[in-house]
Amino acid sequence: MGKNNIPEAFFHFLWKYRSLKPGLNTTKGELLEIIDPGQHNHDSGPDFLMAKIRIGNTLWAGNVEIHIRGSDWYRHGHQSDSAYNNVVLHIVAENDIIARNQAGHELQTLCLKDAYRSELLERYNKIIKNLLWVPCMHMINRVERIIILNTIHAKAIERLQEKSILVQDELKKCNNDWEECCYRLISKQFGSKINTSPFEMLAETIPAKILMKHHHDLTQLESLLFGQSGLLNTRSRENYPKNLKKEHHFLAAKYGLTPMPGYLWKFMRLRPAAFPGLRIAQLAYLYHLHQSVFQELLEKKSIAAAVAFFELEASTYWDHHYHFNKKSKYQKKRFGLQATHLLLINAIVPLVYLYGEQMNKGELCERAVAFMESLPPEGNAVVRRWKGLGIEVSNALETQGLLQMKKALCDARLCLECPIGHALLKE
């Protein structure tokens, strides 16, 4: 692989971890000593901030910029960008041109052409250029457990922050109404993967404030939700759906509600316990038990209390039904524990975390993380594959970290941005 084809991230790795040969010299032949490579900057601006280097007898403190070619300095427009005026060292793989800053001053330059061991590049290629599920899957067992755990925890927090950004987007759609936002997030989770969109549409057809207003009457709550779902738009033989339809007709006229199309709901490839009718009945029961769901959730200080909050069951009609007008064997239809855990992980924890951030209540952010640490590990296919590689985890925070590692690092082959990849390269 030629120098021009090596990713810039590889040279970031060399500089950050000082994996360079001793006796470095600038392009002018002056001895260069790395005192502090600086802070790796992943945002706009120079690649490394607040670095300290010694060139000859002079100590330099400032920023470092790294390019494949020296001419990339001009191709990226840094010569006219004041953010790069404090660059004290320009690192290049190919020094094809002299780089100057906005003031016209020539930059001190380090060319890495022969400044690193070839086996580092060979190891990098071995890791990055394979089609394995995880690039380092045959080597990861050589990495210290503490490095793997620290990486998992860091990616778990990153995943939680990403989810909180999505919650923030939903909050904006709700005009910063936290109760409405909470209602919509919960509704989407009630749909599992298959009926997420229909549940999202259902929540948009009827505001939470209307459900909160009818909190004391379960029949009215069911009539509102089932009526808006479109699932009552069929001929009914039983009194229960007939009465719901009649009640909905009155309430829809009162509030000016328009139902969604009932044909959007999916039943194929679903366990009966996750059928839309049962989940809608359980959602109605949630707002029958709790009027201000979001505010009450904020008061839950333990994971046991949060889990108990979602101990829901469908009304008695559903003891003998999975569908309208189709009787089945008696069974009390409860919202399952696994479904509750996923609801907490994907909706409630990110919501509480965001609220803590926006309201400057650090204890809520800490509680959100603590909830994740108290929930059992998820049992999905990705987590099982990690387990097959010998990566054992003990809680939901860590399984979320594994999911994020796979998505953000392994799938993108960003081994040079991964502490596990660094550890393997530095062996």
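For the structure, see preceding data.
Rules behind the numbers
- Residues numbered from 1 in each chain as written.
- Predicted model: local features only at pLDDT ≥ 70, side-chain atom pairs only at ≥ 80, totals over all residues.
- Heavy atoms only, no water.
- Salt bridge = Lys/Arg side-chain N within 4 Å of Asp/Glu carboxyl O.
- Helix = DSSP H or I, 4+ residues; strand = E, 2+ residues; numbered from the N terminus.
- Buried < 20%, exposed > 50% of the residue type's maximum accessible area, 1.4 Å probe, protein only.
- Pairing = 2+ DSSP bridges.
- Axes fitted to C-alpha atoms, helices over the stretch in contact; angles between N-to-C directions.
- Parallel < 35°, antiparallel > 145°, perpendicular 65-115°, else oblique.
- Contact = heavy atoms within 4.5 Å.
- Nonpolar A, V, L, I, M, F, W, Y, C, P; charged D, E, K, R; others polar.
- Core = buried A, V, L, I, M, F, W, Y, C linked by side-chain atoms within 4.5 Å.

> What's the story with the pattern of salt bridges in this structure? I'm lost.
Any two side chains of opposite charge can pair, so long as their charged atoms come close to each other. Enumeration over the complete set of coordinates arrives at 13 salt bridges. We note a salt bridge from Arg54 to Glu33, for which the minimum N-O separation is 3.2 Å. On the criterion of sequence distance, the pair formed by Arg54 in strand β4 (residues 48-55) and Glu33 in strand β2 (residues 31-36) is long-range, its members being 21 residues apart. Residue Lys332 pairs with Glu313 through a salt bridge whose shortest N-O separation is 3.9 Å. Remark: Glu313 occurs in the loop between α12 (303-309) and β8 (321-323) and Lys332 occurs in the loop between β9 (326-327) and α13 (337-358); sequence separation between them is 19 residues. We classify Glu313 as partly exposed; its relative accessible area is 24%. In this structure, a network of salt bridges that share partners links the residues Glu313, Asp319, Lys332 and Arg334.

> Hey, could you run me through the pairing of strand β5 (residues 58-69) in this one?
Each regular strand displays side chains that alternate between the two surfaces of the sheet. Bridge count for β4 against β5 is 6 bridges, and the pairing is antiparallel. Looking at β5, one finds that Ile55 is bridged to Thr58. From the end of β4 to the start of β5, which pair antiparallel, there are 2 residues, and Gly56 there has a positive phi angle of about 65°. Bridge count between β5 and strand β6 (residues 87-94): 6 bridges; the pairing is parallel. If you follow Val64 over to β6, its bridge partner there is Leu89.

> What exactly am I supposed to notice about the packing of helix α4 (residues 145-173) against α13 here?
Relative placement of two packed helices is described by the angle separating their axes and the distance separating the axes. The geometry of α4 relative to α13 is characterised by a closest axis approach of 8 Å and an angle of 80° between their N-to-C directions. With respect to each other, α4 and α13 are oriented roughly perpendicular. Packed against α4, whose contacting residues are Leu160, Gln161, Lys163, Ser164, Val167, Gln168 and Leu171, the element α13 presents Ile345, Asn346, Val349, Pro350, Leu351, Tyr353, Leu354, Glu357 and Gln358 at the interface. Taken together, the residues that form the contact of α4 with α13 break down as 9 nonpolar, 5 polar and 2 charged.

> Mind showing me how you'd approach the nonpolar core here?
When a protein is soluble and globular, its nonpolar side chains tend to lie buried together. Counting 78 residues, the largest nonpolar core has Ile186 and Phe310 as its most contacted members. Top contributing element to this core by residue count: α13, with 12 residues. Apart from the residues within four sequence positions on either side, Ile186 is in contact with Leu283, Leu286, Val293, Phe310, Leu343 and Ile348. Core analysis: the next-biggest nonpolar cluster, separate from the first, contains 53 residues, Phe11, Leu32, Met139 and Val393 among them.

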